[in-house]
Amino acid sequence: AIAEKTGHGGGADDGGEHALLPLVGILSGVFFPFMGPYVSLERQNIASQIAGAVADDELDDRGESPVYASSINLFVYIKNSINRCCALTTGQVFFNLYKEYRDALTAYSKALMAKMPQPYVSSTAMLSNQLSGNAAPAAANPKTANYRVPAGEEVTVCNVINTCEYAVDTIEPLEELIKDKIDETYEETVDLMDSQDEFNDVTTVAIRILISGLESRLEPFFKELTSTNWSAFSEVGEESQYAQSICGVIEPYFTSCSKVLPNLYYRNVCDKFARGFVSAFMAAVSKGKRYSDVSTQQLLLDSYMMKSLLLSLPTLAGGVAPNMYVRDVTKDMGNIELLLKLVGTPVEMLVEVFRQQKPDGTLKDLSQIMTMKGMKRPQQTELLEAFGGKG
């Protein structure tokens, strides 16, 4: 009867081994409908590992960059689970386990997200929300939200980035392993690309946290810049206190990150921070009014100090700053320096120098410079007419 079911006639050419293989499949297949508890047990074991991952800060530094040991433990467990299951079946039960692995990766990406600082809502936004009658503020988009990073926590964020990179790199061979072992019926259904995307999303948020967290630390010093009475400056001294404070925050922050992050991610952070910083510095300088000639010289000294710091950031990780980074920082900071030089230009020479130094400048640009100089309205009107209505 067994020979008939397996398609073998039991002749002299049929070895015992050939007859046994289908028999094994038939007998083990009887138990497959009852293997739900086995899948549940694997799910519970994986969930237990992930539950402890948020509080577990143990690092594994055997690779190029430190990663959370919980990530390595998770992938080792999954691979061992695959081996255990495939010793019994590569069919529906294994496919059910594959879905558990996929859900586990999603849960672990969320556990890594939970390790990092959460978005904060400014007091202004909270007041606006209360006035509008809403009980709670709308959830911020983590990729664009504002963050505060407590001292030292930037290293935690860097470790999350490293762990996400390890996960993304490990998921691809894991998918190939599952496809290689699972029955052909399910092979085309196996896809862990969404899992990779989830870890990439965490990385994107982590980079945003690093940049926003540092920007939050710099806010008090930009406020100091805008609240300074620049018209009272009578002589140029060493770099201003606000500028020294800014540099005193930025350098150790980036030094910490440079020791943990791979160069690719570190330079990404440098690029994004430099663009945001120059924009914030320009905005703060532009808010000032009644700058004296002396105060613009002081601000130029401050800007040179901060430009030098920005240019040095990529070198903290070793090597030299990329040419494109140097070019962009030099160009963007040069716009601030040009603005300050124009603000410091004597009134009687302003229109001529403005035309020379800013050939594409508009009436609006010239008006802004005159406002920053503290010129009175009639005097501004006179110069705008002398400018010839250009713009």
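What you are looking at is a predicted structure, and each value in this text was computed from that prediction instead of being measured. Along each chain, residues carry numbers from 1 onward, in the same order as the chain's sequence is written. Two thresholds apply to this predicted model, a pLDDT of at least 70 for residue-level local features and 80 or more for giving and counting side-chain atom pairs, whereas whole-chain, interface and lining totals are computed over all residues. Calculation of side-chain values draws on the structure's entire complement of heavy atoms; hydrogens and water are dropped beforehand.

Q: Go over the overall build of the chain with me, naming the residues and quoting the values.
A: What the chain contains, in helices and strands, is 16 helices and two strands. In the chain, buried positions account for 40% of the 391 residues. In short, Shrake-Rupley with a 1.4 Å probe defines the accessible areas, and a residue's cover is counted only from the protein chains shown. With an accessible surface of roughly 20700 Å², the chain has 53% of that area assigned to carbon and sulfur atoms. Helix numbers and strand numbers start at the N terminus; a helix is a DSSP run of H or I with at least 4 residues, a strand a run of E with at least 2. Working definition: with a 1.4 Å probe on protein chains only, accessible area under 20% of the residue-type maximum means buried, over 50% means exposed, and in between means partly exposed.

Q: Describe the environment of R377, with residues and values.
A: Tracing the chain through its elements places R377 in helix α16 (residues 377–387). Residue class for R377 comes out exposed when judged on its relative accessible area of 60%. R377 sits 10 residues away from S367 along the chain, and the two C-alpha atoms are 9.9 Å apart.

Q: Break down the packing of helix α9 (residues 193–227) against helix α10 (residues 241–258) for me, with residues and values.
A: Packed helix pairs are specified by the crossing angle of their axes together with the interaxial distance, meaning the distance between the axes. As a rule, the C-alpha atoms of each element are fitted with a line to give its axis, helices using only the stretch in contact, and angles between N-to-C directions run from 0 to 180 degrees. Contact geometry for α9 and α10: axes closest at 8 Å, N-to-C directions at 170°. Taken together, the axes of α9 and α10 lie roughly antiparallel to each other. Between α9, through I209, L210, G213, L214, R217, L218, F221, F222, E224 and L225, and α10, the contact on the second element is made entirely by Q241, Y242, S245, I246, V249, I250, Y253, F254 and C257. When residue character is reported, Ala, Val, Leu, Ile, Met, Phe, Trp, Tyr, Cys and Pro are called nonpolar, Asp, Glu, Lys and Arg charged, and the others, Gly included, polar. Grouping the amino acids of the contact of α9 with α10 by side-chain chemistry returns 14 nonpolar, three polar and two charged. Under this scheme an angle from 65 to 115 degrees is roughly perpendicular, one under 35 degrees roughly parallel, and one over 145 degrees roughly antiparallel; angles in between are oblique. The contact rule is simple, with two residues in contact once any of their heavy atoms fall within 4.5 Å.

Q: Account for the packing of aromatic side chains, with residues named and values stated.
A: Under the pairing criterion, centres of Phe, Tyr and Trp rings, with the six-membered ring standing for Trp, must be within 6.5 Å; the plane angle then separates stacked pairs below 30 degrees from edge-to-face pairs above 60, leaving the rest tilted. Considering all chains together, one arrives at 14 aromatic pairs under this definition. Ring geometry for F273 versus F277: centroids 5.7 Å apart, planes at 35°, classification tilted. Of this pair, F273 and F277 both sit in helix α11 (residues 263–287), four residues apart, roughly one helical turn. With a centroid separation of 6.2 Å and 25° between ring planes, the pair formed by F277 and F281 is classed as stacked. One end of the pair is F277 and the other is F281, both in helix α11 and four residues apart, which spans about a single turn.

Q: An account of the side chain of T89 is needed here, citing residue identities and associated values.
A: Locating T89 in the fold gives a position in the loop between α4 (69–86) and α5 (92–114). Whenever a nitrogen or oxygen atom comes within 3.5 Å of another N or O atom, the pair is scored as a polar contact, on the condition that within protein one atom can donate a hydrogen and the other can accept it, and that pairs from neighbouring residues in sequence are kept only if both atoms are in side chains. Of note is the side chain of T89, whose polar atom sits 3.0 Å from the backbone nitrogen of G91.

Q: Would you mind going over a negative patch on the surface in detail, with residue names and values included?
A: Each patch is built from residues lacking any salt bridge and having more than 30% relative accessible area; the joining distance is 9 Å for like charges and 5 Å for nonpolar side chains (Val, Leu, Ile, Met, Phe, Trp, Tyr). Throughout this description, the term salt bridge denotes a Lys or Arg side-chain nitrogen within 4 Å of a carboxyl oxygen of Asp or Glu. Here the positive residues are Lys and Arg and the negative ones are Asp and Glu; neither His nor the chain ends is included. Charge positions are represented by NZ for Lys, CZ for Arg, CG for Asp and CD for Glu. A surface patch of like charges, here negative, comprises D169, E172, E176 and D180. Here D169 falls in the exposed class, since its relative accessible area comes to 52%.

Q: Go over the environment of E154, please, and point to the residues and values.
A: Within the secondary structure, E154 sits in helix α7 (residues 153–181). Accessibility expressed as a relative area gives 6% for E154, which makes it buried. Apart from residues lying up to four places away in sequence, E154 is in contact with V149, L210, R217, Y253, S256 and C257. Looking at E154, its side chain comes within polar contact range of the main-chain nitrogen of G152, at 3.2 Å.

Q: How would you explain the state of the cysteines if you had to name every residue and give the values?
A: When two cysteine sulfur atoms lie within 2.5 Å, the pair is treated as a disulfide. In this structure the tally under the stated criterion is zero disulfides. You can see C158 has no disulfide; the closest cysteine sulfur is in C257, sitting 3.7 Å from it.

Q: Residue-level account of the nonpolar core, with values.
A: Inside soluble globular proteins, nonpolar side chains tend to come together where they are buried. The set of buried Ala, Val, Leu, Ile, Met, Phe, Trp, Tyr and Cys residues whose side-chain atoms join them within 4.5 Å is what this entry labels a nonpolar core. Counting 106 residues, the largest nonpolar core has L218, I250, F254, F273, F277, F281 and L313 as the members making the most contacts within it. The element best represented in this core is α9, accounting for 13 residues. In contact with F273, other than residues within four places in its own chain, are I211, L214, E215, L218, I250, F254, L310 and L313.

Q: Describe in detail the side chain of T156, supporting the description with residues and values.
A: With respect to the secondary-structure elements, T156 resides in helix α7. Judged by relative accessible area, which is 16%, T156 ranks as buried. With sequence-adjacent residues up to four places away left out, T156 is seen in contact with Y68 and K115.

Q: Can you tell me about the confidence of the model for the chain, naming the residues and giving the values?
A: This prediction gives the chain a mean pLDDT of 88; 86% of its residues lie at or above 70. For every residue, the predictor assigns a confidence score, pLDDT, that lies between 0 and 100. Across residues 124–129, where pLDDT falls below 50, the model places five contacts with residues more than four positions away in sequence or in other chains.

Q: If you had to explain the packing of α10 against α11 to someone new, which residues and values would you point to?
A: Orientation of α10 relative to α11, taken along the N-to-C sense of each, is 165°, at an axis distance of 11 Å. In terms of orientation, α10 and α11 fall into the roughly antiparallel class. When the axes of α10 and α11 are compared, the crossing they make is right-handed. Listed contacts from α11 to Y242, I246, I250, F254, C257 and S258 of α10 are Y266, V269, C270, F273, F277 and F281. In this scheme the crossing of two helices becomes right-handed for a clockwise turn of the near helix relative to the far one and left-handed for an anticlockwise turn of less than a right angle.

Q: An account of α7 is needed here, citing residue identities and associated values.
A: Between the first and last residue of a helix there are one fewer steps than residues, each counted as 1.5 Å, and that sum is the expected span. Its 29 residues place the ends of α7 42 Å apart at the C-alpha level, agreeing with the 42 Å of an ideal helix rising 1.5 Å per residue. Taking the largest bend as the criterion, α7 deviates by roughly 25°, centred on I171, and proline P173 comes between one and four positions later. Bending is quantified residue by residue as the angle between axes fitted to the seven-residue window ending at that residue and the seven-residue window starting at it.

Q: Account for the pattern of salt bridges, naming residues and giving values.
A: Taken as a whole and judged by the stated rule, the model has nine salt bridges. Notably, a salt bridge pairs R62 with D60, separated by 2.5 Å at the nearest N-O pair. Given the relative accessible area of 68%, R62 is considered exposed. The class for D60 is buried, based on a relative accessible area of 11%. Across the salt bridge formed by D201 and K143, the nearest N and O atoms sit 3.2 Å from each other. Placement of the pair is D201 in helix α9 and K143 in the loop between α6 (123–131) and α7, with a sequence separation of 58 residues.

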